[in-house]
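Now for the letters of each chain:
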Amino acid sequence: MKRLPAKFFCTEGGSEPVKDWLRDLNREDCRLIGSDIKDVEFSFPIGLPLCRQLSGYADLWEVRSKITGGRIARVIFYIHKGEMILLHGFIKKSQKTPKKEIDLAVKRKKEHMHYDP
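Residues numbered from 1 in each chain as written. Predicted model: local features only at pLDDT ≥ 70, side-chain atom pairs only at ≥ 80, totals over all residues. Heavy atoms only, no water.

## Quick word on the overall build of the chain
For step 1, the next point in the chain: Scanning the chain for helices and strands turns up three helices and five strands.
For step 2, the next point in the chain: Secondary structure elements of the chain, listed N to C terminal, follow the sequence β-α-α-β-β-β-β-α.
For step 3, the next point in the chain: Here the C-alpha radius of gyration of the chain, 13 Å, is about what a compact globule of 117 residues would show, namely 13 Å.
For step 4, the next point in the chain: Expressed as a percentage of its 117 residues, the buried residues of the chain come to 39%.
For step 5, the next point in the chain: Of the contacts formed within the chain by residues at least 6 apart in sequence, a portion of 50% connects residues at least 24 apart.
For step 6, the next point in the chain: Surface exposure of the chain reaches about 6900 Å², of which carbon and sulfur atoms provide 54%. (Helix = DSSP H or I, 4+ residues; strand = E, 2+ residues; numbered from the N terminus. Rg over C-alpha atoms; globule rule 2.2 N^0.38 Å. Buried < 20%, exposed > 50% of the residue type's maximum accessible area, 1.4 Å probe, protein only. Contact = heavy atoms within 4.5 Å. Areas by Shrake-Rupley, 256 points an atom, 1.4 Å probe, with all protein chains shown as cover.)

## Brief notes about the sheet that holds strand β5 (residues 83–92)
For step 1, the next point in the chain: Reading across from one edge, β1-β5-β4-β3-β2 is the order of the five strands in this open sheet, with mixed pairing throughout. The sheet is open, and its two borders are formed by β1 (6–8) and β2 (51–53), each paired with just one other strand. Each neighbouring strand pair of the sheet contributes to a mean axis angle of 35°, computed without reference to strand direction.
For step 2, the next point in the chain: As paired elements, strand β4 (residues 72–80) and β5 share nine bridges and run antiparallel to each other. From the neighbouring strand, isoleucine 76 faces β5, where its bridge partner is histidine 88.
For step 3, the next point in the chain: Packed on one face of the sheet, helix α1 (residues 17–24) meets β1, β4 and β5 and runs near 40° to β5.
For step 4, the next point in the chain: Each of β1, β2, β3 (61–66), β4 and β5 touches helix α2 (residues 27–43); the most contacted strand, β3, lies at about 135° to it. (Pairing = 2+ DSSP bridges. Axes fitted to C-alpha atoms, helices over the stretch in contact; angles between N-to-C directions.)

Structure (structure tokens):
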């Protein structure tokens, strides 16, 4: 049984940015990230190296995935009504998570809360 079912954030226009991002990845990268999300769904609360709360953001979490080519992917989510809402996914290019990536997740979280209070 899933402890924290995943749900894709959906824009007002009906698009699902994380789902679209996953579709644009190669099959193996998509499988690896999907497997990590599934592990969080069934094992939450789970800690490092798979999942952690974003430093400085009490309500944002990240799924941490190692993908092909030694690259690292992140999916930022928040917990709403017992579900993990997948807000934003990206490939990390530096050690620190860029502020613009976190800002986009925060913006989407606010939009989600506005339409699903």
